[in-house]
Amino acid sequence: MCGIVGYIGPRDATPIIYNGLKRLEYRGYDSAGIAVLQNENIEVRREAGKLSMLGGLLETSPISGNIGIGHTRWATHGAPSARNAHPHLGQTGRVVVVQNGIVENYLEIKDELTSEGVDFKSDTDTETIVHLVEHYLASGLDLVEAARKTFKYIRGANVVVLMSADEPDKIIAARIGNAGGVVVGYGDGEMFAASDVPAILEHTRKVTFLESHQMAVLTREGVRFETIDGSRIRPEIQTVAWDPIAAEKGEYRHFMQKEIQEQVRALTDTLAGRVDFEAGRIRLPDLNLTPELAKRITKIYITACGTAAYAGMVGKFLIEKIARIPVEVEIGSEFRYRDPIIDANTVVLAISQSGETADTLAAMEEGRRKGAIVWSIVNAIGSQAMRIADGTIAMQTGPEIGVASTKAFTAPLIDQYMLAILLADMRGTIDEKTRRELVSDLRLVPDLAGRTLAREADVEKVAHAFKDIRSCLYLGRGINMPIAYEGALKLKEISYIHAEGYPAGEMKHGPIALIDREMPVLCIAPKDPWHEKMISQIQQAKARDGIVIAVATDGDELVASMADHVLWVPKMPWLLSPVITVLPLQQLAYHIATLRGLDVDQPRNLAKSVTVE
Ligand code: AGP
């Protein structure tokens, strides 16, 4: 999870930025760098690895100045290395940029700029930003206008912070889409920009959070806020709570709300270092997977608990569809008691946010005992499920504090999608065109998530209508059937309302008797291969006087004409649709629970990690 810190003021920027990045270290990264304006020139120091590596470089080759920007990076495009680390200088050496997110159209921008003679030094999408700014500066625009044109031209969810040696009185920060936060901090004769509050907390408690499609021009005297389109705005100045926990929540009331919104950045980060968009290939180095091993796998058991198990149910669909390997999903607490059929060509894949869930660890041990290849998809670095596995995929979402799992549900969906592509690629069961298309679709995910999450106010309205219900049915089909289970669990565990996820096709075999005006039905009905089936399901519910909330794809007038409420999601590749269809369900559960005045982050009777049987 990338970290950004910028400073402009009377003090030396280097230690302020370096220490600010250290406070963002918990979020994980694989390279770091700082740029400061020194004697009217931009000096950059970058190093792969941990911040201490950069610290060592700064000792042997110090830089200091009163304006600077710094960055810790999860590699999304290009391997983690000094040459790919941020900040990135343009060709003139007069402009420097740091970025969080994915520039979806970077390949076409790179082609255009290369044809104009720009010589790219890195494999990153970030470098297209600094060259674009220089391109517009060369056309006669000043830094603010050159930056604005750049922000309007790049596509995708991104955070960008930049500065120029030729206009040394300002730093420009922008948030385009929902690729994580930008917080502006107000000092006395100095200003700060950062990707999260902890980075600047020791200097100021007065902050402003940028919204999507907003930019800020920071000077020593203060800050000017505008929309990317150029309208002047005056967002409020907030005073951040003094305690670090409250400060951690930043602009949010609960960790769960913050983590729901953080999914754009978490989904970007779980792609980090694993997707080669140009080659259309996936790399999962920590899985220790070889083509020989991939070819001999005959069966995969996915084992997990709760939300993680529902992520595994989506993974089953993805791996069977893309890699054509038989997959069974086994609840952790049941797996070791059913004497599973396992041999040396069987994989037991555990999914666990905490990596310490007793039932899941026991299932891994059962697989180990019977000679299986044991893998894990884990969020908590250094946890048991990560340590005891033969190979692992880190979710890379950063700490998940809310007991109700959100970003640690969507990240493993992407991780399993990538795993399926890698397995198919190594087994030679996928043609290059299909593989490239599947990989390319990953580029869309952060922005699709950001656009969906931005509709929270619409979801909150529906929450008001349903906050007093006593029970609810969640129905889904095909790849979105597990989303019915997950949506119901979210509502159950934080609002204490009974909810049941069900395969939609099963309703006619009994549960449909439940439907009446007191039993609302939530139908997950995006434009996927089961859309027509879900239309029929909605009709059946309405025919029984049921109240229907539908998750539907933008523009689906048929669903809109039938359902009582619609939670809209953008058009998306259906294999990736669960990552998106779950988002309004997370928000719905969150708002119903908060309207009921409940402790969303610490629901009664629940623990964040169930380390007992
Ligand atoms: C999810 O919202 C719940 N808190 C719970 O079901 C959780 O997913 C389950 O306990 C597994 O936890 P883990 O991912 O840490 O193994």
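The structure we're discussing is the one just above.
No experiment lies behind these values; they were computed from the predicted model shown. (Residues numbered from 1 in each chain as written. Predicted model: local features only at pLDDT ≥ 70, side-chain atom pairs only at ≥ 80, totals over all residues. Heavy atoms only, no water.)

A.B. asks: Could you clarify how one ought to interpret the sheet that holds strand β24 (residues 498–503) in this entry?
C.D. replies: Think of a sheet as strands paired side by side through backbone hydrogen bonds, with each pair either parallel or antiparallel. The strand order across the open sheet built from five strands is β24-β23-β25-β26-β27, with neighbouring strands paired in parallel fashion. Two strands bound the open sheet, and with one partner strand each, they are β24 and β27 (565–569). Across this sheet, the average inter-strand angle for adjacent strands is 20 degrees, counted without regard to direction. In terms of strand pairing, strand β26 (residues 548–553) meets β27 through five bridges, oriented parallel. (Pairing = 2+ DSSP bridges. Helix = DSSP H or I, 4+ residues; strand = E, 2+ residues; numbered from the N terminus. Axes fitted to C-alpha atoms, helices over the stretch in contact; angles between N-to-C directions.)

A.B. asks: Explain the nonpolar core to me, please; I cannot follow it from the model alone.
C.D. replies: Burial of nonpolar side chains together is a common tendency in soluble globular proteins. Core analysis: the biggest nonpolar cluster contains 126 residues, and Phe 151, Ile 300, Ile 319, Trp 375, Leu 423, Leu 442 and Tyr 474 have the highest contact counts within it. Core analysis: the next-biggest nonpolar cluster, separate from the first, contains 26 residues, Leu 37, Ile 42, Ala 165 and Ile 233 among them. (Core = buried A, V, L, I, M, F, W, Y, C linked by side-chain atoms within 4.5 Å. Buried < 20%, exposed > 50% of the residue type's maximum accessible area, 1.4 Å probe, protein only.)

A.B. asks: Explain the site of the ligand to me, please; I cannot follow it from the model alone.
C.D. replies: With respect to spatial proximity, 14 residues lie near the ligand, and among them Ser 352, Gln 353, Ser 354, Thr 357 and Glu 493 are the closest. Measuring from an oxygen atom of the ligand, one finds a side-chain N or O atom of Thr 357 at 2.5 Å. The separation between a nitrogen atom of the ligand and a polar main-chain atom of Val 403 is 2.9 Å. Out of a free accessible area of 410 Å², the ligand has 90% covered by protein chains. Taken together, the elements giving at least two residues each to the shell around the ligand come down to α10 (306–323) and α18 (481–495). Partitioning the shell around the ligand into residue classes produces five nonpolar, seven polar and two charged. (Near = heavy atom within 4 Å. Polar contact = N/O pair within 3.5 Å; in protein donor to acceptor, adjacent residues only side chain to side chain. Areas by Shrake-Rupley, 256 points an atom, 1.4 Å probe, with all protein chains shown as cover. Nonpolar A, V, L, I, M, F, W, Y, C, P; charged D, E, K, R; others polar.)

A.B. asks: What am I meant to see in helix α4 (residues 126–138) here?
C.D. replies: One turn of the α-helix equals 3.6 residues, which is why residues spaced by three or four share an orientation. Relative to the 18 Å expected for 13 residues at 1.5 Å per residue, α4 spans 19 Å between its end C-alpha atoms, a close match to the ideal helical length. For α4, the full list of buried residues reads Thr 126, Glu 127, Thr 128, Ile 129, Val 130, His 131, Leu 132, Val 133, Glu 134 and Tyr 136. Where the residues of α4 are buried, they touch β5 (88–89), β6 (95–101), α3 (106–115), α5 (143–153) and β7 (158–164). (Expected span 1.5 Å × (residues − 1). Contact = heavy atoms within 4.5 Å.)

A.B. asks: Can you walk me through the packing of helix α8 (residues 263–270) against helix α16 (residues 445–453) in this structure?
C.D. replies: The geometry of a pair of packed helices is captured by two quantities: the angle between their axes and the separation between those axes. Closest axis-to-axis distance for the α8/α16 pair is 8 Å, and the angle between their directions is 170 degrees. As judged from the angle between their axes, α8 and α16 are roughly antiparallel. Taken together, the residues of α16 that come into contact with α8 (itself represented by Gln 263, Val 264, Leu 267 and Thr 268) are Val 445, Pro 446, Ala 449, Gly 450 and Leu 453. (Parallel < 35°, antiparallel > 145°, perpendicular 65-115°, else oblique.)

A.B. asks: What am I meant to see in the packing of α3 against α4 here?
C.D. replies: Relative to each other, α3 and α4 sit at 45 degrees, their axes nearing to 10 Å. In terms of axis orientation, α3 runs oblique to α4. The two elements α3 and α4 cross, and the hand of that crossing is left-handed. Note on element contacts: α4 touches α3 through Thr 128, His 131, Leu 132 and His 135, opposite Tyr 106, Ile 109, Lys 110 and Leu 113. Each residue belonging to the contact of α3 with α4 can be placed in one class, and the counts come to four nonpolar, three polar and one charged. (Left-handed = near helix turned anticlockwise from the far one by under 90°.)

A.B. asks: Could you clarify how one ought to interpret the pairing of strand β20 (residues 346–352) in this entry?
C.D. replies: It is a general feature of regular strands that their side chains alternate between the two faces of the sheet. Counting buried residues in β20 gives seven out of seven residues, a clear majority hidden from the surface. Pairing between strand β18 (residues 299–304) and β20: five bridges, direction parallel. Bridged to Thr 303 within β20 is Ala 350. With six bridges joining them, β20 and strand β21 (residues 373–378) adopt parallel strand pairing. Bridge pairing in β21 links Ala 350 to Ser 376. Taking the sense of rotation as the criterion, the β-α-β connection linking β20, helix α12 (residues 358–369) and β21 turns out right-handed. (Right-handed = clockwise from strand over helix to strand, strands pointing away.)

A.B. asks: Sorry if this is basic, but what is going on with the environment of Ser 139 here?
C.D. replies: Relative to the helices and strands, Ser 139 resides in the loop between α4 and α5. Considering only alpha carbons, one finds Ser 139 and Gln 540, 401 residues apart in sequence, at a separation of 61 Å. Only 2.5 Å separates the side chain of Ser 139 from the backbone oxygen of Tyr 136, close enough to count as a polar contact.

A.B. asks: Looking at this model, I keep getting lost on the sheet that holds β21. Mind explaining?
C.D. replies: Reading across the sheet, the five strands line up as β19-β18-β20-β21-β22 and stay open at both edges, with parallel pairing between neighbours. Each edge of the open sheet carries a strand with a single partner, namely β19 (327–331) and β22 (391–394). When the angles between neighbouring strand axes are averaged without regard to direction, this sheet yields 20 degrees. Relative to β19, β18 runs parallel, the two sharing five bridges. What sits directly across from Ile 300, in β19, is Val 327. Strand contacts of α10: β18, β19 and β20, with the helix running at about 175 degrees to β19, the strand carrying the most contacts. Most of the contacts of helix α14 (residues 407–427) go to β21, to which it runs at about 140 degrees, and overall it touches β18, β20, β21 and β22.

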